[in-house]
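# Tertiary structure, described
Spelled out from the first residue to the last, the chains are:
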Amino acid sequence: MTDKLLFDQRDHVVTLTFNMPDTRNALTDRDLCEAIVDAMHRINADQSVRCAIVTGAGKAFSSGGNLKHMQDKVSIFGGDAIAAKDGYRTGIQRVAKAMWECEVPLIAAVNGPAYGAGCDTTCLCDIRIASTNATFAENFVRVGLISGDGGAWLLPRQIGLSRAAEMTFTAEPIDAATALDWGLVSQVVAPEQLMEEAQALAARIAKNPPRQLRMAKRLLREGLNTRLDTVLELAAAYQGACHQTEDHMEAVASLLEKRDAEFTGR
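Read on for an overview of the structure. Model, not experiment: these values are computed from the prediction. (Residues numbered from 1 in each chain as written. Predicted model: local features only at pLDDT ≥ 70, side-chain atom pairs only at ≥ 80, totals over all residues. Heavy atoms only, no water.)

### Let's talk about the packing of helix α1 (residues 30–45) against helix α4 (residues 92–100)
- The geometry of α1 relative to α4 is characterised by a closest axis approach of 9 Å and an angle of 20° between their N-to-C directions. Considered as vectors, α1 and α4 are oriented roughly parallel to each other. Note that α1 runs across α4; the crossing there is left-handed. Between α1, through Cys-33, Glu-34, Ile-36, Val-37 and Met-40, and α4, the contact on the second element is made entirely by Ile-92, Arg-94, Val-95, Ala-98 and Met-99.
- Broken down by class, the residue content of the contact of α1 with α4 amounts to eight nonpolar, no polar and two charged. (Axes fitted to C-alpha atoms, helices over the stretch in contact; angles between N-to-C directions. Helix = DSSP H or I, 4+ residues; strand = E, 2+ residues; numbered from the N terminus. Parallel < 35°, antiparallel > 145°, perpendicular 65-115°, else oblique. Left-handed = near helix turned anticlockwise from the far one by under 90°. Contact = heavy atoms within 4.5 Å. Nonpolar A, V, L, I, M, F, W, Y, C, P; charged D, E, K, R; others polar.)

Next up, the structure:
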């Protein structure tokens, strides 16, 4: 895996760090895009992973698109209109799909500015924790573009249509306090506490049985777009499977015996 994305697993938690501080972690770098997609596939295939944290190296979470690449029409921005379309589909849009399809809970630890695709990437995560240094901007129109990575679908689901429209049409950033007030983030902490808080939350999540965590996340995802009766049918099937697992029996036994559970993923 490229050093543009750092992959660190400790116990049941993976931390992914965008490691291109010289570009403020611009997400339109092809190597970084490939590394993120590969990391999502790696996490999905590893039942020992129960939660993942996504953050950025340096002062920014992600600046979104690389302005110099836009000016020079290189990377995913190169060629004519058809080539640019293909660049998006094989680049940042693959990242969006891979992150959205990540099977384990994803926590965005937003350490600084999250602009454009960076803002949308935080919305691909299940939970967002922000440093007081964090700012969020859906600033595509400011550079004469529109969201090419699913922001028009993601952002209204996080903060509602009116506020998503305000962010999209003004392209103005909001600070961490506003993001908290609008429900874009769950909590705001001091910069030096950000990773500690993210890791503590990940540990609380990772205490739970891994297969059930993945099924619970899938139900939440399906619930965004599916009828209640369809979700209930899927939940019944999942419950039938859960009842047959050793982890379910261990969970029940540990509660009755007033002790900590030890889950194995079986």
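### Notes on the pattern of salt bridges
- Enumeration over the complete set of coordinates arrives at 12 salt bridges.
- A salt bridge links Lys-217 to Asp-126, with the shortest nitrogen-to-oxygen separation between them at 2.9 Å. In this pair, Lys-217 sits in helix α10 (residues 210–223) while Asp-126 sits in the loop between α5 (117–123) and β6 (127–131), placing the two residues 91 residues apart along the sequence.
- For Lys-217, a relative accessible area of 6% corresponds to the buried category.
- According to the relative accessible area criterion, Asp-126 is partly exposed, its value standing at 27%.
- One network of salt bridges, in which partners are shared, links Lys-4, Asp-29 and Asp-31. (Salt bridge = Lys/Arg side-chain N within 4 Å of Asp/Glu carboxyl O. Buried < 20%, exposed > 50% of the residue type's maximum accessible area, 1.4 Å probe, protein only.)

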